[in-house]
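Structural characterization, general
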Amino acid sequence: SDPTPLFRQYAQQLGLNLTKYTTDYQSSAVNDTINADMDAGTKLKVTGTPTFFIIDGKGSKPRQIQVGEAVSEFEKILNAELKKKGSATSSGSTAQTKSTSSDSKSSGN
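Let us look at the structure shown here. Just so you know, these numbers come straight off a predicted model, no measurement behind them.

Describing the overall build of the protein
Scanning the protein from N- to C-terminus turns up five helices and two strands. Split into buried and exposed, the 109 residues of the protein put 15% on the buried side. Taken as a whole, the protein presents about 8,800 Å² of accessible surface, with 55% of it coming from carbon and sulfur.

Observations regarding the packing of helix 1 (residues 4–13) against helix 2 (residues 18–26)
Between helix 1 and helix 2, the shortest axis-to-axis distance is 10 Å and the interhelical angle comes to 140°. Taken as axis vectors, helix 1 and helix 2 run oblique relative to one another. Like other packed secondary-structure pairs, helix 1 and helix 2 cross with a definite hand, here right-handed. Contacts between helix 1 and helix 2 pair T4, F7, R8, A11 and Q12 from the former with L18, Y21, T22 and Y25 from the latter. Residues that form the contact of helix 1 with helix 2 fall into these classes: five nonpolar, three polar and one charged.

Overview of the packing of aromatic side chains
Under the defined criterion, the tally for this structure stands at three aromatic pairs. Pairing Y21 with Y25 gives two aromatic rings, centres 5.6 Å apart and planes at 35°, and the pair type is tilted. Linking Y21 with Y25, this pair stays in helix 2, spanning four residues, or about one helical turn. Taken together, the aromatic side chains of F7, Y21 and Y25 make up a single cluster linked through ring pairs.

Structural notes on helix 3 (residues 28–43)
Counted at 1.5 Å a residue, the expected span for helix 3 with its 16 residues is 22 Å, and the 22 Å between its end C-alpha atoms agrees. If you check the start of helix 3, you find a side-chain oxygen 3.2 Å away from the backbone N of A29, and it comes from S27. Looking one or two residues past helix 3, K45 carries a phi angle of roughly 60°, positive in sign.

Rules behind the numbers
- Residues numbered from 1 in each chain as written.
- Predicted model: local features only at pLDDT ≥ 70, side-chain atom pairs only at ≥ 80, totals over all residues.
- Heavy atoms only, no water.
- Helix = DSSP H or I, 4+ residues; strand = E, 2+ residues; numbered from the N terminus.
- Buried < 20%, exposed > 50% of the residue type's maximum accessible area, 1.4 Å probe, protein only.
- Areas by Shrake-Rupley, 256 points an atom, 1.4 Å probe, with all protein chains shown as cover.
- Axes fitted to C-alpha atoms, helices over the stretch in contact; angles between N-to-C directions.
- Parallel < 35°, antiparallel > 145°, perpendicular 65-115°, else oblique.
- Left-handed = near helix turned anticlockwise from the far one by under 90°.
- Contact = heavy atoms within 4.5 Å.
- Nonpolar A, V, L, I, M, F, W, Y, C, P; charged D, E, K, R; others polar.
- Phe/Tyr/Trp six-rings, centres within 6.5 Å; stacked < 30°, edge-to-face > 60°.
- Expected span 1.5 Å × (residues − 1).
- Polar contact = N/O pair within 3.5 Å; in protein donor to acceptor, adjacent residues only side chain to side chain.

If you want it as structure tokens, here you go:
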């Protein structure tokens, strides 16, 4: 089925400028950018979003991590990688991100 009405409803719920949204949605330039991103993801074998890559800088194959709903699991993986490097952990970063995100939404940013 055609997802266009659903996407338009999402755009409206997000408070987007619907005229600009419609113009961009129909734009070949915007669609070309989206298709290029999808092609790049396919080449990297990305199967979902968000996806992150951890690169060790030693020439090893990058480690691909999908966060999905398990942000705490991602934080564990990230902290383990940082510990290997002798860096500080990301303790509190998830809460800070949620707080910053909520603040941005409530302030209209």
